[in-house]
Amino acid sequence: MEPLQFLKEKDADISVLSGKCVAVLGYGNQGRAQAQNLRDSGVHTIVGGRPGRSAELARQEGFEVLSVADAVKQADIIHILLPDERQGEIYRAEIAPNLEAGKTLCVSHGFAFVFGEIVAPGGVDAIMVSPKGPGADVRSHYLAGSGLAGLIAVKQDASGKARDTALALACANGFTRTGVLEVTMEQETHGDLFGEQNVLCGGLVDLVRCAYEVLTEEGYPPEIAYFECYHEVKLLADLMHYRGIAATNAAISNTAEWGEYVNGPYIIDADVKERMRESLRNIRSGKFAELWLKEAEKGLPTLLAKRAQCAAHPIEEVGARIRQLFVKPNP
Ligand SMILES: NC(=O)c1ccc[n+]([C@@H]2O[C@H](COP(=O)([O-])OP(=O)(O)OC[C@H]3O[C@@H](n4cnc5c(N)ncnc54)[C@H](OP(=O)(O)O)[C@@H]3O)[C@@H](O)[C@H]2O)c1
C-alpha cells in the first residue's frame, strides 16, 4: 500500500469558507473547541443546540445559539458534533427537514454515515473533518499556534468542492499546521472504533485493572499496585509517543526490557489477536453499531450500570489519594 501523504497549510484554501456560515451542532467536547477555533480563524460560526447547560455556555462565550432546526436553515455547512448514538434521530427529526441542496453536512467521526443513520440527500455534500485527539487538545493546540493532526474524508461530493470544504475546515481548526490525511469514512470509523475498543479504552483499562487486582489480591499494598500498574502507564506512553517503541526500550532498564520480551507475548498471545480480529469483524459488519444503538434507544441502562461499577472499583479510591500529590496539567 502506498504511504498516505500529509496535507498541510499550502494544500488548503481557507477562503473557500468566506461568506459561508458554519453551524456547529452541539457544544460539548468537540463542539466547543471547534466552534471557537473556526471563529478565531475568521469563519462565521453559529451554534445549534437544545436548551441546557452547553447551549448556555455557548451563549456566554459569545455565540449566536439557535435551535438545531433554525441553525440548519441558516447555515451553509452543518457540522454535526452531537453524540454519535443520537445523530440519527436528531438528523431525521431536525436536520433533514431543513436541509437544502447546496449545503454541506460534516462530522468529526463517520459513525452515523457508515452505519446508515444519516444518508445525505442528493445535492448535499457529506464530509468528515476529524481531529486525532480530544476537544481540550483541539483548542489548546490551536491556541498554542500548532494543531492536532486530523483526518478528512468525502462521502458525497455533490458540489464538486466537498474536498476543498473539508480541507478548509481542517485548516481553520489548525489541523493542517501539523498534517491531515485523506481517508474514507469507513477507514476512519472502523479504525477509530477498533482502536478505542482494543487498546485505548477497552484493552488498556482492563489490562491496568486486572494487573491491579492480581497484585492486591496477592496481598501487595494498593499504593504499590497503583504506582506499578497504573501511574507509570503515562510515563511509558509519553516515551512511546515521542520516541517510538525501540527507543523507549533503550530508556528502560535491561531487566524491564527482558521482561517485555519474555512475558509480553505470553500475556498478549495469539488468542488475544484472534479476539481482536473478531472485534474488527463485529465493527465492520455493523453488529457493534446495532447493539450500541439499541442500548442508546433503551436509555443506556447497561452503560450507566457499568459506569457506576467502574466508579466503585477500589483503584479509584487509592488513585484519587495518589493523584492529589501531583500537579495536574490537564483536567
Ligand atoms: N470527544 C472526543 O475526544 C472526540 C474526538 C474525535 C471525534 N469526536 C466526535 O465528535 C462528536 C461529538 O462528540 P463529543 O465528545 O464532543 O460529544 P459531547 O461532549 O457529549 O457533546 C455533545 C453535545 O451535543 C449536545 N446534544 C446532545 N443531545 C442533543 C439534542 N438532542 N439536541 C441538541 N443538542 C444535543 C450536548 O448538549 P447537552 O449539554 O444539552 O447535553 C452537547 O453539547 C462525535 O461524533 C464524536 O465521535 C469526539
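Up top you'll find the structure we're talking about.
The structure displayed is predicted, hence computed values, not measured ones.

1. As for helix α6 (residues 135-143)
And then number 1: Buried residues of α6: Gly135, Val138, Arg139 and Tyr142, and no others. For α6, the buried positions fall inside an angular range of 90 degrees around the axis, keeping them on one side.
And then number 2: At the exit of α6 stands glycine 145, carrying a positive phi of roughly 90 degrees.

2. As for the site of the ligand
And then number 1: Neighbouring the ligand are 20 residues, the closest being Tyr27, Gln30, Arg50, Ser54 and Asp84.
And then number 2: Contact distances for the ligand include 2.6 Å between an oxygen atom and a side-chain N or O atom of aspartate 84.
And then number 3: Contact with the protein chains removes 77% of the 900 Å² of surface that the ligand exposes when unbound.
And then number 4: Contributing elements (two or more residues each) for the shell around the ligand: α1 (29-40) and α4 (84-95).

3. Here we look at the side chain of glutamate 257
And then number 1: Its place among the elements puts glutamate 257 in helix α13 (residues 254-267).
And then number 2: Of the side chains bearing the opposite charge, arginine 243 lies closest to the buried glutamate 257, which forms no salt bridge; the N-O distance is 12 Å.
And then number 3: There is a polar contact of 2.6 Å between the side chain of glutamate 257 and the side chain of tyrosine 261.
And then number 4: Not counting the four nearest positions on each side in its chain, glutamate 257 is found in contact with Asn249 and Ile252.

Reading guide: rules and limits
Residues numbered from 1 in each chain as written. Predicted model: local features only at pLDDT ≥ 70, side-chain atom pairs only at ≥ 80, totals over all residues. Heavy atoms only, no water. Buried < 20%, exposed > 50% of the residue type's maximum accessible area, 1.4 Å probe, protein only. Helix = DSSP H or I, 4+ residues; strand = E, 2+ residues; numbered from the N terminus. Arc of directions from axis to C-beta. Near = heavy atom within 4 Å. Polar contact = N/O pair within 3.5 Å; in protein donor to acceptor, adjacent residues only side chain to side chain. Areas by Shrake-Rupley, 256 points an atom, 1.4 Å probe, with all protein chains shown as cover. Lys, Arg positive; Asp, Glu negative; His and termini not counted. Salt bridge = Lys/Arg side-chain N within 4 Å of Asp/Glu carboxyl O. Contact = heavy atoms within 4.5 Å.

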